[in-house]
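Survey of secondary and tertiary structure
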Amino acid sequence: MNLSALALVLVGLSPLVLLCARAGRWPPAIGRAYRGAAAAAAVCVLAAAWAGPGLPYLAVTGAVVPLALVGAAFDRTARERRPGAEPHRDRLRLLDAALGASRDGVLVTATRPTAVGLQIVYANPAFEGLTGYGIEEALGQSPSMLYTEDCEADRETVRAALRSDAPGRFEVPARRKDGTQVCVEWDVVPVPGPPDGCEYRVAVLRDTTERRRLEEQLRNAAKLEAVGRLAAGVAHDFNNLLTVIGGSAALLDGPAGQGPNAPRLVGEVRFAAERGRWLVRQLLTFARPQAAVREPLDLGRVASDLAPILARVVGPAIETDVRAPAEPVFVLADRGELEQVLLNLATNARDAMPEGGRLALQVRAGADGVRLTVADTGAGMPPEVRAHIFEPFFTTKGPDAGTGLGLATVKQVVERCGGRIAVASAPGRGTAFDIDLPRCPAPAPGGTARPALLAEDEPGVRTLARVILQGQGYNVTEAADGAAALKLLEAGGAFDLLVTDVRMPGADGGKVAARARELLPAVRVVFMSGFTDTEPAVPGSVFLPKPFPPAALARATEQAHPPRG
């Protein structure tokens, strides 16, 4: 090898290496010039190689290497210093830091053309804190991992939102990794114009468990606060009822009890008792869910049977017209609740027609449902009043004239029956309520058993229940408390029906019913109680809330049945 030629290469390389170091400061055009020179020098290298070794070959080679190095340096630096590249990376780092600092869970899902179903492609640290699933554990999984097999409706809600092209917000309970439940509000937004053929969705998950707990506390506090506001209205109504009952009873106990007005006085007592029962049920229905006795009822028959009482409620100045179809139309509902709905709507209509008018009730049957229309010719309502009529405690009446629970209770009852209610009204044009309820099949005919055990510690209620049951043909054995009922069962009493209060001295109704089922597996059970949240879990039993009319106890005995299976 020619040493002088090698030295020449090294000497020429040194300043060009310095050029490489400084190349990033020069314009890209210089880099392109160096690359072009390197390409020309490469041709010379090939020619020199063809000619043979020697100084010219090494000299040209010494030119090619530095030129190529300088061109490569320009290439790398041009890529790194491309306009906008550095700010773009800064924005990405800022976005990642912001999502990582968010207290709401954030996840990104993708629907890939080559994969089946939704996949999580991004999750922030708050998602891990909310769900218990680690970020690496969640990536590649379906969001349905947050829902159990028995939550198909919630799973479908999430799946539909993550596939929709429109933004969506909803709230469903989610299952954490440890199995506990958490209330989660989802806010889903589609990502427009994905460049890779995937469909992306961004979902923000917010833990609303604490908010729901505080809302429930606020609702309970509002109910407690409303007790004071309700006191005047309830006391006013009950004082009127007690005046009627006490006065009529006193007259019936005297000479008037044998006179021509006796039936009318008895009717007044019965009507006042019904009004009191409806008022109590209305308060309990709003305060907490009722243990309603759902059964197939002919809605037309219910309305027709109640027509005389409704006429008394609205008064003689208002004409009452009740129309029902000739054929029975059955709905699955509690009779007392339906009567309460009609009574509340009739009371509102009466208050809207102080000078008289017309109240019309019409029951119409459809293919799958039944519509009940209650219309009046009263003053009507402006839109600002109509928008609030179903809100609890909202009333336009005076403090002693209304509780504000009537229409709120109506709406609650209708929705519990699976129906919906709508109102049409305008000032001077009256008001019409349309209630749509799902239709159900007619009930199957049933029989009546004879021997019955009646356990009730309140003598008045026990006497009333005994008379009702005897009127149905039952042979009634009475027990004054739970202990006495257990003794009758242990003594070998054979009963087809047990009617028992829930809360009694000696033993509660649940224990009595459990022992009765052990000794008499086919016995039918009816529970009675003034507390609507104390229904024992006894298969086939019927719960009858107090107070109840005679017909309700008769229906309960027919609905009760032995445990199946």
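The paragraphs below set out a description of the structure included in this document.

Rules behind the numbers
- Residues numbered from 1 in each chain as written.
- Predicted model: local features only at pLDDT ≥ 70, side-chain atom pairs only at ≥ 80, totals over all residues.
- Heavy atoms only, no water.
- Helix = DSSP H or I, 4+ residues; strand = E, 2+ residues; numbered from the N terminus.
- Contact = heavy atoms within 4.5 Å.
- Areas by Shrake-Rupley, 256 points an atom, 1.4 Å probe, with all protein chains shown as cover.
- Axes fitted to C-alpha atoms, helices over the stretch in contact; angles between N-to-C directions.
- Parallel < 35°, antiparallel > 145°, perpendicular 65-115°, else oblique.
- Left-handed = near helix turned anticlockwise from the far one by under 90°.
- Nonpolar A, V, L, I, M, F, W, Y, C, P; charged D, E, K, R; others polar.
- Pairing = 2+ DSSP bridges.
- Phe/Tyr/Trp six-rings, centres within 6.5 Å; stacked < 30°, edge-to-face > 60°.
- Buried < 20%, exposed > 50% of the residue type's maximum accessible area, 1.4 Å probe, protein only.

Next up on the list: the overall build of the protein. Within the protein, the regular secondary structure consists of 17 helices and 17 strands. Taking the contacts inside the protein whose residues are at least 6 apart along the sequence as the reference set, 62% of them involve residues at least 24 apart. Counting only carbon and sulfur atoms, one obtains 59% of the accessible surface of the protein, whose full area is about 29,900 Å².

Let us look at the packing of helix H10 (residues 299-314) against helix H11 (residues 335-352). At a minimum axis separation of 10 Å, H10 and H11 run at an interaxial angle of 40°. Classed by the angle they form, the pair H10 and H11 counts as oblique. For the crossing formed where H10 meets H11, the hand is right-handed. Residues Leu 299, Val 302, Ala 303, Asp 305, Leu 306, Leu 310, Val 313 and Val 314 of H10 touch H11, and the partners they reach there are Arg 335, Leu 338, Glu 339, Leu 342, Leu 343, Ala 346, Thr 347 and Arg 350. Class assignment for the residues of the contact of H10 with H11 results in 11 nonpolar, one polar and four charged.

Glancing now at the pairing of strand S4 (residues 181-190). Across eight bridges, the pairing between strand S3 (residues 168-175) and S4 is antiparallel. Its bridge partner being in S4, Val 172 is matched across the sheet by Val 184. In this sheet, strand S5 (residues 199-207) lies alongside S4 in antiparallel orientation, the contact comprising seven bridges. For Pro 190, the partnering residue across the bridge sits in S5 and is Arg 201.

What follows concerns the packing of aromatic side chains. The final tally for this structure, using the stated rule, is two aromatic pairs. Here Phe 170 and Trp 186 contribute two aromatic rings whose centre-to-centre distance is 6.0 Å and whose plane-to-plane angle is 10°, an arrangement assigned as stacked. Here the residue Phe 170 occupies a position in strand S3, and Trp 186 occupies one in strand S4, the gap between them amounting to 16 residues. Of the two residues, Phe 170 and Trp 186, neither departs from the other in class, the shared state being buried. Seen in terms of ring centroids, Phe 390 and Phe 433 are 6.4 Å apart; in terms of plane orientation they differ by 75°. Their pairing is edge-to-face. Placement of Phe 390 in the loop between helix H12 (383-386) and helix H13 (406-416) and of Phe 433 in strand S12 (residues 431-438) is noted, with a sequence separation of 43 residues between them.

We now examine the sheet that holds strand S1 (residues 105-111). Spatially, S2-S1-S5-S4-S3 is the arrangement adopted by the five strands of the open sheet, whose pairing is antiparallel. What marks the edges here is a single partner per strand, and that holds for strand S2 (119-123) and S3. Pairs of neighbouring strands in the sheet enclose a mean axial angle of 30°, with direction left out of account. Against the sheet, helix H7 (residues 152-163) contacts S1, S3, S4 and S5, and its axis sits at roughly 140° relative to S3.

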